[in-house]
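Remarks on the overall topology
For reference, the chains in residue letters:
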Amino acid sequence: MTHKSKAHTNIALVKYWGKKESKDNLPINSSISLTLDNFYTITSVTYDKNLKQDELKIDDIEIQGIEFLRVTKFMDRIREMYKIPYYAYIDSKNHVPKKAGLASSSSAFAALAHAALKAYGINVSDKELSTLARIGSGSASRSVFGGFVIWEEGTNHETSYAYTLKDAEEYALIVCMVDKKEKSIDSRSAMLKLNEFPELKEEWIENTKYLFEEMKEAILEDDLERIGSIAESHANLMHYVIQETGVTFLTDKSFEIMDLTEKIRLKGLPVFYTMDAGPNVKILTKKKYVSQVLPYYEKVAEILVCYQGGGIESI
Ligand code: PMV
């Protein structure tokens, strides 16, 4: 009645931002991400018929409050959907700073969904697991898979799932850690604000549809320049949209690293930035350029180099 699972985080190159009205956490747009090897979550779930509620530990700390409620609500959905009659001990270890725009919820909810089913002896397809992980956190649907991953928005629970588009063996993502502190507003609450701005939401959906198709093509053609410039455009679009709804995630340091990236590019090195719901800047390039570009970034921020991560696994 116990199982331990490992899932990697992913960084979106075409971002998910905004939810449809649904209890199933359906997105308003499809997205594309890269799964990372260096950031991951290991979660063990142990069912116990004597427990009166779930018990949650994250990084060895007993968790209560909003974070606990989010997890236990997710576990309630799993119990209801898969007829599991027990509460569980959940022990989760993050190898990624929480809530700093490094998508710890992606690996956390993917690992939890996997461990919660396996601990009760339930085996499902990766596609089904992806739909389940999505209910916990949208980006978690993509963390079930490795490489470049597509999450189709779909129209209902069954059709909104992720899959690997292509292997990303040659690619690298350099994470520039601007700030490891927890952010002031979580992405879930921040993206709900978009519903108050219908025209902005339409603009976002339209542009994202176009860039999503472009990105798919660019990845299939293995065209770093094109992938990178689409990723930058879409990250800028998302942060413009977020700003218009009254939230700011980027700091002066983030802008400094974005400017630096443009300067490095002028020297002929292909580097491209992207940022999520936090101030950290991630630089997309290929493995073969990492040693050349690293010295520039090391001068301005704490750096972690990641390569492609694999799909979910039992450990
Ligand atoms: O699913 P969440 O709540 O982790 O939201 C993810 C939002 C972004 O990281 C900004 C974009 C994305 O597609 O991962």
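Here the structure is a predicted model, which means the values were calculated and not measured.

Let's shift gears to the site of the ligand. Around the ligand, the structure places 14 residues, and the nearest of them are Y16, S105, S139, R142 and S187. A distance of 2.9 Å is found between an oxygen atom of the ligand and a side-chain nitrogen or oxygen belonging to S105. One nitrogen or oxygen atom from the main chain of S139 is found 2.8 Å from an oxygen atom belonging to the ligand. In isolation the ligand has 380 Å² of accessible area, and contact with the protein removes 96% of it.

The next subject is the pairing of strand β8 (residues 171-177). With 7 of 7 residues buried, β8 is to be regarded as a mostly interior element. Sheet analysis places β8 next to strand β10 (residues 281-286), joined by 6 bridges and oriented antiparallel. Note that in β10 the partner of A172 across the bridge is T285.

This brings us to the sheet that holds strand β9 (residues 272-275). One open sheet accounts for 4 strands, arranged β9-β10-β8-β11; its pairing is antiparallel. The open sheet has two edge strands with one neighbour each: β9 and β11 (302-307). Taken pair by pair, the neighbouring strands of this sheet meet at an average axis angle of 25°, ignoring direction. Pairing of β8 with β11 involves 6 bridges; the strand directions are antiparallel. Of the residues in β11, the one forming a bridge with V175 is L304. Running at roughly 35° to β9, helix α6 (residues 224-244) makes contact with β8, β9 and β10 of the sheet. Each of β8, β9 and β10 touches helix α7 (residues 252-266); the most contacted strand, β9, lies at about 160° to it.

The rules behind these values
- Residues numbered from 1 in each chain as written.
- Predicted model: local features only at pLDDT ≥ 70, side-chain atom pairs only at ≥ 80, totals over all residues.
- Heavy atoms only, no water.
- Near = heavy atom within 4 Å.
- Polar contact = N/O pair within 3.5 Å; in protein donor to acceptor, adjacent residues only side chain to side chain.
- Areas by Shrake-Rupley, 256 points an atom, 1.4 Å probe, with all protein chains shown as cover.
- Buried < 20%, exposed > 50% of the residue type's maximum accessible area, 1.4 Å probe, protein only.
- Helix = DSSP H or I, 4+ residues; strand = E, 2+ residues; numbered from the N terminus.
- Pairing = 2+ DSSP bridges.
- Axes fitted to C-alpha atoms, helices over the stretch in contact; angles between N-to-C directions.
- Contact = heavy atoms within 4.5 Å.

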